[in-house]
Amino acid sequence: MTTDRDEDAAGRKQAVLGIIGGSGLYDLPGLDNARWEGVESPWGEASDEILFAEIDGLPVRFLPRHGRGHRLAPGDINYRANIDALKRAGVTDLVSFSACGSLREDYPPGQFVLVDQFIDQTRDRERSFFGAGCVAHVSMADPVSPTLVTLLREAMAQEQVDASESGTYVVIDGPQFSSRAESRLYRSWGCDVIGMTNMPEAKLAREAELAYATVAMVTDYDCWHDTHDAVDVAGVLAVMKRNTEQAKRVIRRLGSTFPREHPPCPEADQALDVAIVTAPERRDPDIVRKLDAVAGRRL
Ligand SMILES: CSC[C@H]1O[C@H](OP(=O)(O)O)[C@H](O)[C@@H]1O
Ligand SMILES: Nc1ncnc2[nH]cnc12
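Per an unreviewed UniProt entry, the chain is named S-methyl-5'-thioadenosine phosphorylase, and its organism is Aquisalimonas asiatica. Listed in UniProt under the heading Pathway (unreviewed entry), the comment for the chain reads: "Amino-acid biosynthesis; L-methionine biosynthesis via salvage pathway; S-methyl-5-thio-alpha-D-ribose 1-phosphate from S-methyl-5'-thioadenosine (phosphorylase route): step 1/1." Its UniProt record gives the chain a comment under Subunit (unreviewed entry), which states: "Homohexamer. Dimer of a homotrimer."

See the structure below:
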């Protein structure tokens, strides 16, 4: 396990790039020194083994969110185990790739969106590592790392992949797609794209002090549009293949240009500095033990 104690005396930390692959992105073939390895987590089963690999010497850890073969529905994913396992695998910077529906006319299928805000409409998911026995409240005001967004934007530009530089992603439980009334409602809220997975993933990444960013890849116009059919899986799959090929190119480019030292992200790096409220002598030792990877720096 890699921990924050792997920082050198000056506090520098080697960057380890984590990638979560969404629908359509289940493997990253052709990376150097690649091997799939299971990582045990006290939070349960991660979606799959993690692919440990390198891009031009940069350590990369890849986890397919739905598992290889897409075995897990959005509500069945153990988001806590995924984030904990990636942290145990040494990840410092985490980029999520997600298929999504568009809630805007000017984000057609094929458009990539660098999400900067989320609206969490999910209900039935474990959404925190903390709770009774060790209570913490992290800030989610700015849920993504601006540095990661800049690095992604540059990698995309070099790969001639056009991306919008901001966007609000509304997260629904699914697995059903939305009704037209819901789709119109999310548009009226100012949401730009819709998906089923980025929450609680982004919240848990913040609790684990991982810099996080999401590349949302539009596959459809959901069901609000007057002149486009309502989303169905066949339509999603038709667009997803091309999006996935582009995503793979962006990941390779990002890996080769990524700083070898973890680029500071104060929102994530210090997320737990003032977040834990339970008095040390009142903390449940069992929970504290489970938090060794996520919050070991602060406990
Ligand atoms: C197969 S379409 C619906 C499915 O795709 C998205 O998943 P991900 O974010 O992992 O790419 C969406 O959120 C749904 O889970
Ligand atoms: N329209 C949509 N709603 C929710 N998740 C999606 N994933 C891809 N398209 C989607």
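Chemist: How do you make sense of the site of ligand 2 when you look at a structure like this?
Modeler: Around ligand 2, the structure places A99, C100, G101, F177, I194, G195, M196, T219, D220, D222 and V231. With respect to ligand 2, the backbone of G101 contributes an N or O atom lying 3.3 Å from a nitrogen atom. Contact between ligand 2 and D220: a nitrogen atom at 2.6 Å from a side-chain N or O atom of the residue. Sorting the residues of the shell around ligand 2 by element identifies strand 5 (93–102), strand 10 (193–195) and strand 11 (211–220) as the ones contributing at least two each.

Chemist: I would appreciate a short explanation of the site of ligand 1 in the present structure.
Modeler: Around ligand 1 lies a shell formed by G22, S23, R65, H66, P74, S98, A99, G195, M196, T197 and V236. Separating an oxygen atom of ligand 1 from a side-chain N or O atom of H66 is a distance of 2.5 Å. Within the side chain of T197, a nitrogen or oxygen atom sits 2.6 Å from an oxygen atom of ligand 1. Contact with the protein chains hides 90% of the accessible area of ligand 1, taken as 390 Å² for the molecule alone.

Chemist: What exactly am I supposed to notice about the UniProt feature "binding site: substrate" (unreviewed entry) in the chain here?
Modeler: Taking the UniProt record as the reference, the feature "binding site: substrate" (unreviewed entry) is found at M196, D220, Y221 and D222. The residue M196 is located in the loop between strand 10 and helix 4 (198–207) in this model. The residues contacting M196, other than those within four sequence positions of it, are P74, Y79, R125, Y169, V171, I172, D173, G174, P175, Q176 and F177. Tracing the backbone through its elements, the reader meets D222 in the loop between strand 11 and helix 5 (233–257). For D222, a relative accessible area of 3% corresponds to the buried category. Apart from residues no more than four positions distant in its own chain, D222 is found in contact with S102, L103, S178, S183, I194, D229, A230 and V231.

Chemist: Explain the state of the cysteines here, please?
Modeler: When the sulfur atoms of two cysteines share a covalent bond, that bond is a disulfide. Inspection of the entire model under this criterion finds zero disulfides. In this structure C100 is not part of a disulfide, and its nearest cysteine sulfur, from C191, lies 12 Å away.

Chemist: I'm lost on the packing of aromatic side chains in this one. Help?
Modeler: Here a ring pair, both rings aromatic, is described through the centre-centre distance and the interplanar angle of the planes. By the definition in use, this model includes five aromatic pairs. When the centroid spacing of 5.7 Å and the interplanar angle of 90 degrees are considered together, the rings of Y221 and W224 count as edge-to-face. Looking at W224, the relative accessible area reads 9%, which means it is buried. Looking at R104, its charged tip hangs above the ring of Y107, at a distance of 4.2 Å from the centre.

Chemist: Help me understand the pattern of salt bridges, please; the structure alone is not making it clear to me.
Modeler: Opposite charge on two side chains allows them to pair when their charged atoms are near. Going through the model one piece at a time under the given rule, you end up with 19 salt bridges. Residue R297 pairs with D273 through a salt bridge whose shortest N-O separation is 2.7 Å. One end of the pair, R297, is in the segment after helix 8 (292–295); the other, D273, is in the loop between helix 6 (266–269) and helix 7 (285–290), with 24 residues separating them in the sequence. Connected via shared salt-bridge partners are E209, D273, R297 and R298.

Rules used throughout
Residues numbered from 1 in each chain as written. Chains lettered and ligands numbered in written order. Predicted model: local features only at pLDDT ≥ 70, side-chain atom pairs only at ≥ 80, totals over all residues. Heavy atoms only, no water. UniProt positions renumbered as here; feature names shortened; annotations may be inferred. Near = heavy atom within 4 Å. Polar contact = N/O pair within 3.5 Å; in protein donor to acceptor, adjacent residues only side chain to side chain. Helix = DSSP H or I, 4+ residues; strand = E, 2+ residues; numbered from the N terminus. Areas by Shrake-Rupley, 256 points an atom, 1.4 Å probe, with all protein chains shown as cover. Contact = heavy atoms within 4.5 Å. Buried < 20%, exposed > 50% of the residue type's maximum accessible area, 1.4 Å probe, protein only. Disulfide = S-S within 2.5 Å. Phe/Tyr/Trp six-rings, centres within 6.5 Å; stacked < 30°, edge-to-face > 60°. Lys NZ or Arg CZ within 6 Å of the ring centre and 35° of its normal. Salt bridge = Lys/Arg side-chain N within 4 Å of Asp/Glu carboxyl O.

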